[in-house]
Amino acid sequence: MNQISSPSSRAAAWGALLMLSASLVFAGGNTLQSVLPRQFGMSSTGMAFWQYLIASVLMLPIVVRIGLDKLKTRRPLAHLIRAFASALGVHVFVYGFVSGVPIWQMVTLLATGPLFVIIGSTLFLGERVSASRIGAAVIGFIGAVIVSGVGAEGLGWAALTPVLAAALWAVTDVMTRWLAREETPETLTVSLLVLITPSHLALLLLANVFSFALPAGVATDLAFALPQGAGLLLLLALGGLTAAAQYLLASAYRLADAAYLQPFADLKAPLAGLVGWLLLGQTPSIWFWPGAALIVGASIFIFWIEGRAPQGGAATAPVAGGG
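Residues numbered from 1 in each chain as written. Predicted model: local features only at pLDDT ≥ 70, side-chain atom pairs only at ≥ 80, totals over all residues. Heavy atoms only, no water.

Trainee: So what about the overall build of the chain? Which residues, and what values?
Mentor: Looking only at helices and strands, the chain has 13 helices and two strands in total. Going through the 323 residues of the chain one by one, you find that 53% of them count as buried. Sequence separation of at least 24 residues holds for 88% of the intrachain contacts in the chain that already meet a minimum separation of 6. Entry remark: accessible area of the chain is about 13800 Å², with carbon and sulfur atoms responsible for 72%. (Helix = DSSP H or I, 4+ residues; strand = E, 2+ residues; numbered from the N terminus. Buried < 20%, exposed > 50% of the residue type's maximum accessible area, 1.4 Å probe, protein only. Contact = heavy atoms within 4.5 Å. Areas by Shrake-Rupley, 256 points an atom, 1.4 Å probe, with all protein chains shown as cover.)

Spelled out as structure tokens, the structure:
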């Protein structure tokens, strides 16, 4: 298996910028995921299904532009597993919103994700993780623990759903990085959106079949029902934000490796907290601010350290397949 050096400073900077942009888009999507179940009665599985179906439709122009021939892949099973893990993570995560967990607590607990990603990228991608990257991930995790208010406000079982979602999305992140070494962001984005919709449909149908054994809010008798009026517009907006976020995410992983980018993904926490506060009146606890400061500080630290590293002198990562 061939080895390549870490991305140049310019590529790393663009990767970080794309990840920051994706984090902002995700924050907007999280707000809508919180509003639709509470104000318009959508089930978590129904909302997730329509969200990704709409996103897939919005991505059709990209399919036309790049051509169907470029969507061909030698690794269909890997794409399918990646899509299913992402879909299951969405359903687990959205259930937390349905259960009433505030946005700032939901999203900050996703900062456990970098630890899962570092483990996965080290074991399965062969990426050499530097002490600075490990330190940034640990600091981000500590920030998430502080924001969550463990020992002060306490955590219910529903508040632990983002930790499980983080583990599932870590699978998606690691597989995205692996596939990005030989496939374009357009291929990664469209293949995910095409395969994830059947995955959401399967989860929706299973949730309704076994609704008697699942918590309230996961499924309803009207599984495919769409909201009316403003609710429908918000659902369309959620689908659009989903398509944009996935494209930005895939583009970021094309330019930089997974372990480097994860601290920047932690910025979803303060961004989502601020958006939820301004738009929904969900005032974060006093622990939000020091925790968010640690998360932002970790991102700035890893960006500064990696930017000072000489080209070719940082960590290396294996190349799967061609190029």
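Trainee: Quick one: what's the story with the pattern of salt bridges, residue by residue and with numbers?
Mentor: In total, this model carries two salt bridges according to the counting rule given. A salt bridge links E182 to R74; the shortest N-O distance between them is 3.6 Å. Placement of E182 in the loop between α8 (161–180) and α9 (185–209) and of R74 in the loop between α3 (60–66) and α4 (76–98) is noted, with a sequence separation of 108 residues between them. Across the pair R75 and E182 runs a salt bridge, and its minimum N-O distance is 3.3 Å. Linking R75 in the loop between α3 and α4 with E182 in the loop between α8 and α9, this pair joins segments that are 107 residues apart in sequence. Several salt bridges share partner residues, and in doing so they unite R74, R75 and E182 into one network. (Salt bridge = Lys/Arg side-chain N within 4 Å of Asp/Glu carboxyl O.)

Trainee: Explain the nonpolar core residue by residue, including any values.
Mentor: Grouped together as the largest cluster of nonpolar side chains are 25 residues, with contacts concentrated most on M47 and L235. Taken together, the elements giving at least two residues each to this core come down to α1 (9–40), α2 (44–58), α4, α9 and α10 (230–255). Among the elements that take part in this core, α2 stands out by supplying seven residues, more than any other. The residues touching L235, leaving out its near neighbours within four places in the chain, are L36, M42, M47, W50, Q51, I54, L226 and P227. Listed in part, the 19 residues of the second largest apolar core include L18, A22, V25 and A245. (Core = buried A, V, L, I, M, F, W, Y, C linked by side-chain atoms within 4.5 Å.)

Trainee: Explain a nonpolar patch on the surface to me, using residue names and the numbers behind them.
Mentor: Together, I134, V138, I139, F141, I142, V145 and L294 make up a nonpolar patch on the protein surface, roughly 480 Å² of accessible area in all. It is helix α7 (residues 131–148) that contributes the most residues to the nonpolar patch, six residues altogether. Relative to the helices and strands, F141 resides in helix α7. When its relative accessible area of 30% is taken as the criterion, F141 is described as partly exposed. (Patch = residues over 30% accessible without salt bridge, like charges linked within 9 Å, V, L, I, M, F, W, Y side chains within 5 Å.)

Trainee: Describe in detail the confidence of the model for the chain, supporting the description with residues and values.
Mentor: Note: predicted coordinates in regions of low pLDDT should not be interpreted at a detailed level. This prediction gives the chain a mean pLDDT of 77; 84% of its residues lie at or above 70. When the criterion is pLDDT under 50, residues 1–7 qualifies, and its contacts beyond four places in sequence or with other chains add up to 23 contacts. Note that pLDDT drops below 50 for residues 310–323; the model gives that stretch 43 contacts with residues more than four away or on any other chain. (pLDDT = per-residue confidence, 0-100.)

Trainee: Tell me about the packing of α2 against α4, and name the residues and values.
Mentor: For the pair α2 and α4, the least separation of the axes is 9 Å and the interaxial angle reads 125 degrees. Here α4 runs oblique to α2, going by the angle between their axes. For the pair α2 and α4, the sense of crossing is right-handed. Judged by residue contacts, S44, T45, M47, A48 and Y52 of α2 engage V90, H91, V94, Y95 and V98 from α4. A breakdown of the residues in the contact of α2 with α4 according to their chemical character gives seven nonpolar, three polar and no charged. (Axes fitted to C-alpha atoms, helices over the stretch in contact; angles between N-to-C directions. Parallel < 35°, antiparallel > 145°, perpendicular 65-115°, else oblique. Left-handed = near helix turned anticlockwise from the far one by under 90°. Nonpolar A, V, L, I, M, F, W, Y, C, P; charged D, E, K, R; others polar.)

Trainee: Can you break down the packing of α2 against α10 residue by residue, with the values?
Mentor: The N-to-C vectors of α2 and α10 enclose an angle of 65 degrees; their axes lie 8 Å apart at closest approach. α2 and α10 meet at a crossing whose hand is right-handed. Contacts between α2 and α10 involve M47, W50, Q51, Y52, I54, A55 and L58 from the first element and L235, L236, L238, G239, G240, T242, A243 and Q246 from the second. Of the residues contributing to the contact of α2 with α10, the split by class is ten nonpolar, five polar and no charged.

Trainee: So what's going on with the packing of aromatic side chains? Which residues, and what values?
Mentor: Counting across every chain of the model gives three aromatic pairs. Relative to F97, the ring of F93 has its centre 5.0 Å away and its plane inclined at 85 degrees; by these criteria the two rings are edge-to-face. On the criterion of helical spacing, the pair formed by F93 and F97 is a turn pair, its members being four residues apart in helix α4. Exposure class is identical for F93 and F97. Each is buried. Ring pairs connect the aromatic residues F93, F97 and W169, which therefore count as one cluster. (Phe/Tyr/Trp six-rings, centres within 6.5 Å; stacked < 30°, edge-to-face > 60°.)

Trainee: I'd like to hear about the environment of I139, residue by residue, with values.
Mentor: Relative to the helices and strands, I139 is located in helix α7. For I139 and I295, which are 156 residues apart along the polypeptide, the C-alpha to C-alpha distance reads 6.7 Å.

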